[in-house]
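What the coordinates show
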Amino acid sequence: MLTSALAVPVVFGYAGRQAYAACSALGGGTYLCSGTLRTTQTINADNADVTMASGASIDTTGGTGNAITVTGNGALSFINTTGGLIQGEENAIDVRSTGDDGSIEGAVTINVTGNVNAVKGHGINALNESGSSGSITVTAASVTSATKDGIYARNRTTAGRDLTITTTGTVSGEKNGIQARNDGTGRLSVTTVDVSGGSGSGIYAWNEGTDLSVRAKGTVTVTGAGSEHDARAGVVARNYGSGSLTIETVDVVASGDSEVDGIFADNAFGTDLSITATGAVTAESNGITATNRGSGSLSITAADVRGSENDGIYGLIESTGTNMWITATGGVSGGRYGVFAKNEGSGEVTVTTATVTGGTKDGIYVRNSASGTDITITANGPVTGEERGIYARNDGTGNTTLTVTTAAGAKNAGILARNFNSAGDLTITSTGTVSGALSGLFARNFGTGALRITTYDVEGFDGDHVKNTANGINAEAHGTGLTITSSGTVSGTGSGIAARNMGTGSATISAVNATGGAFEGIYALTSFTGTDLTVTSTGRISGATHGIRAQNDGTGTTTVTAHDVLGSSKDGIYARGASTSADITITGSVYGGRN
């Protein structure tokens, strides 16, 4: 058994300062440090239990070395709950277990309630070296480092178990506020209040054991440019273990570098990934980046999120994952996408937002893989994007449902939604204004179900390089039917409403006002595989060619009921049924340049 300690009751000095060194062995592996200490206190003993006496302090700043160093095999502990300040020119507190001591696991326990400061090293350095099979537990209040990490803790050995860090005060480091790495078999848990980092991250956590959890109850910040190749963020959490990854934050602020995220989460081999941010998350790159490469789900719940250069929220599930849920109750904005959600796994994607703004790309982008199921988007506030307001693509086997207030796309559609392959129903409901270049609302259902669209005002305007081709509503169904209901005004530089039913069911279009700048006010087509075609308008329908063109090549009836209709160059109403004559009812006036 190794036992040696610095316990010198003599007085000596450096740089004009007196130092009273007194970490004394009390027997049984117990040590007590007392007095005002000015030199490095070194205890090299197996199973050492070191305690600071009431009012005791250690300060080596201006000199050399750590404030306190504890090394040895077995379970090591350093406790300072009644003492004073601990400051080190290098590390302030350095505790390292170098291996097991027989049946006693190599472990480190640090419990400090006073201030801890370091000049050239870590504020707290806690290590389980190779051969240590126990856990690391760090409990601290306020910890700072002027050059490195506020707290650095690592299970260096695969034989180790848990790593737990709990702080109740402010932790800061010029590099990372907290850096925790568990190479062992257990859990990694970090619970903090306020944390700040400089050239690294606020909190950096790496786990190769089971579960990884980060809970920040205060503000997490990172400032300054970084020089490392790894991810930088207010919170970085990488789980290479077999369990879940959980992150809970309040406010997160990441600045000083265009590549720094607010929250960066990567679940490589584990199960579920969950992020909850109740405050504001702001960053130069992505506000929140979350990737689940494991076997479980991805859940993001946030308030306000902003990613200046890239995305507000970026969510990705790879092929082995399941469901994705994203909920944002505040404003979300990104330099590229506001919300980017892609599920390459086997489950559903559900996105619920308030106000969303996309920069150079879309406000909301959602895509499901061929092995996925449903897509559900609920936008309770306005959604805008430089390309599309909302983009939804379902390559899976489920339904796609969009419920929107207002959506706008500057260079593409306000809403663009597609069902592919074996997907089911496609349902779009908008209660406000939807506008976009090329089309205000563009919907394609190549799946097996119905296409249903319910809107208020919809506008399709010309893009940068295309003229007179933007439809207000552009809809095509290849499944079991097509229904469009508009209670407001629909306009397009091409057609107001262009609806094609290429599937097996009926088509029903109900509108109030619709205007087509270059073509029809309403264009409705049912193919030879379809059945009934019904067009109803209660307001004014006008088109540069036909006001209403209803063409039924299928086996059912054709019915047109209209109020005021104008077709400038062709017919006010053009209706044709392949199997039966068209039934036309007019309650107002119909004008046509031809008929």
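Everything below is about the structure printed above this text.
Cut-offs applied
- Residues numbered from 1 in each chain as written.
- Predicted model: local features only at pLDDT ≥ 70, side-chain atom pairs only at ≥ 80, totals over all residues.
- Heavy atoms only, no water.
- Helix = DSSP H or I, 4+ residues; strand = E, 2+ residues; numbered from the N terminus.
- Buried < 20%, exposed > 50% of the residue type's maximum accessible area, 1.4 Å probe, protein only.
- Pairing = 2+ DSSP bridges.
- Core = buried A, V, L, I, M, F, W, Y, C linked by side-chain atoms within 4.5 Å.
- Contact = heavy atoms within 4.5 Å.
- Disulfide = S-S within 2.5 Å.

**Here we look at unusual backbone geometry**
You will see that asparagine 421, though not glycine, has its phi angle at about 55 degrees, which is positive. Even without glycine at this site, leucine 438 takes up a positive phi of about 75 degrees. As for its placement among the helices and strands, leucine 438 is situated in the loop between strand S49 (434-437) and strand S50 (439-445). With relative accessibility at 34%, the residue leucine 438 sits in the partly exposed group.

**Brief notes about the pairing of strand S59 (residues 522-526)**
Of all five residues that make up S59, five are buried, and the element is covered over most of its length. Side-chain alternation along S59 places Ile522, Ala524 and Thr526 on one buried face and Tyr523 and Leu525 on a second face that is also buried. Alignment of strand S56 (residues 497-501) against S59, held across five bridges, turns out to be parallel. Directly across from alanine 499, in S59, lies its bridge partner alanine 524.

**Section: the nonpolar core**
General note: in soluble globular proteins, nonpolar side chains tend to be found buried as a group. Counting 120 residues, the largest nonpolar core has Ile93 and Ile390 as its most contacted members. In this view, isoleucine 390 contacts Ile364, Ile377, Ala379, Val383, Leu402, Val404, Ala407, Gly414, Ile415 and Leu416; residues no more than four positions away in its chain are not counted. The next biggest cluster of nonpolar side chains, apart from the first, holds seven residues, and it includes Tyr337, Tyr365, Tyr391 and Ala413.

**What about the state of the cysteines?**
Considering all chains together, one arrives at one disulfide under this definition. Note that cysteine 23 is cross-linked by a disulfide to cysteine 33, the S-S spacing being 1.9 Å. On the S-S bond that ties cysteine 23 to cysteine 33, the torsion sits near 110 degrees, and the link is right-handed. Taken together, the residues span a long stretch of sequence, with cysteine 23 in strand S4 (residues 23-27) and cysteine 33 in strand S5 (residues 30-33) at a distance of ten residues. There is no split in this pair, since cysteine 23 and cysteine 33 are both buried.

By themselves, these figures tell us nothing about what the structure is for.
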